[in-house]
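# Coordinate analysis (summary)
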Amino acid sequence: MDMTTPRDGQPEPPPCWHCGAGVAARALFCHGCGTIQPPGDVDPFTRLGLAPSFEIATDVLDRQQAGFSRILAPARFAGKGEAVAEVAERQRHALADALAQLRDPARRARALLTMADAAPPRPANGGDWELRRAVAATPAAQERLKGEIRTEMQAELRLLLDAFRLGDLALAGRRLVRIEQMAFVA
């Protein structure tokens, strides 16, 4: 058996950069010495301590953001050395990225599908929407198209929600691709 894998099959937690004690990938601080830890390689839901779900209320994200902002305020790390301040900055950046991912329904859907190994390839272009944009020659036609895209995107987001509620990840993947195509031209 590999020395980094205990008998239960779970990998050993990475060591604290300061004292060497094992620290969970999601942990902000070492359980042994209390030193802030670099961001671990975790999904945005785990990073924010949330259950993976397409349906997340914005007030939940707001509370998480407020709590992490207090915990990771730069003033808390002033005078603790350059290395500690740099690690805290990396944690702030990782948390901001996780919040941005979960606030955006398309990015949240991609994260969920990636976690389930069901993520479709990212579209390379805007598909038929890109062609329609190219044909919309006048500013008025382009504005009408933008309105159509917003309306269609809202409909696709509702269908994406339905796909997740049904547990149909293949359908959710198809809806996500449509949304990402629209985002190319929006």
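I will try to describe carefully the structure that is included in this document. Bear in mind that the values here come from a model prediction, so they are computed numbers and not experimental data.

Conventions adopted
- Residues numbered from 1 in each chain as written.
- Predicted model: local features only at pLDDT ≥ 70, side-chain atom pairs only at ≥ 80, totals over all residues.
- Heavy atoms only, no water.
- Salt bridge = Lys/Arg side-chain N within 4 Å of Asp/Glu carboxyl O.
- Helix = DSSP H or I, 4+ residues; strand = E, 2+ residues; numbered from the N terminus.
- Buried < 20%, exposed > 50% of the residue type's maximum accessible area, 1.4 Å probe, protein only.
- Core = buried A, V, L, I, M, F, W, Y, C linked by side-chain atoms within 4.5 Å.
- Axes fitted to C-alpha atoms, helices over the stretch in contact; angles between N-to-C directions.
- Parallel < 35°, antiparallel > 145°, perpendicular 65-115°, else oblique.
- Left-handed = near helix turned anticlockwise from the far one by under 90°.
- Contact = heavy atoms within 4.5 Å.
- Nonpolar A, V, L, I, M, F, W, Y, C, P; charged D, E, K, R; others polar.
- Phe/Tyr/Trp six-rings, centres within 6.5 Å; stacked < 30°, edge-to-face > 60°.
- Lys NZ or Arg CZ within 6 Å of the ring centre and 35° of its normal.

### Description of the pattern of salt bridges
The full count for this structure, using the stated rule, is 14 salt bridges. The residue Asp 128 makes a salt bridge to Arg 178 at a minimum N-O spacing of 3.6 Å. Here Asp 128 is found in helix 5 (residues 127–135), whereas its partner Arg 178 is found in helix 7 (residues 169–185), with 50 residues between them in sequence. Looking at Asp 128, the relative accessible area reads 41%, which means it is partly exposed. Taking the relative accessible area as the measure of exposure, Arg 178 reaches 24% and is therefore partly exposed.

### Overview of the nonpolar core
Ranked by internal contacts, the top residues of the largest apolar core, which has 39 residues, are Leu 48, Leu 160 and Phe 164. Every element with two or more residues in this core is listed here: helix 1 (44–48), helix 2 (58–71), helix 3 (82–103), helix 4 (105–115), helix 6 (139–166) and helix 7.

### Section: the packing of helix 4 against helix 6
Their axes nearest at 11 Å, the elements helix 4 and helix 6 cross at an angle of 25°. Regarding the angle of helix 4 to helix 6, the classification is roughly parallel. The hand of the helix 4/helix 6 crossing is left-handed. Here helix 4 contributes Pro 105, Ala 109, Leu 112 and Leu 113 to the contact with helix 6, which in turn contributes Leu 157, Leu 160 and Phe 164. Tallied by class, residues from the contact of helix 4 with helix 6 come to 7 nonpolar, no polar and no charged.

### Looking at the packing of aromatic side chains
All told, the structure shown has 2 aromatic pairs when counted by the stated rule. When the ring of Phe 29 is compared with that of Phe 77, the centres are 6.5 Å apart and the planes differ by 15°; the resulting orientation is stacked. Here Phe 29, found in the segment before helix 1, pairs with Phe 77, found in the loop between helix 2 and helix 3; they are 48 residues apart in sequence, far enough to count as distant. For the pair Phe 54 and Phe 164, a centre-to-centre distance of 5.0 Å together with 15° between the ring planes defines the contact as stacked. With a gap of 110 residues between them, Phe 54 in the loop between helix 1 and helix 2 and Phe 164 in helix 6 connect regions that are remote in the sequence. Accessibility assignment for this pair places Phe 54 and Phe 164 in one class, buried. The positively charged end of Arg 108 is found above the aromatic ring belonging to Phe 54, 4.9 Å away from the centroid.

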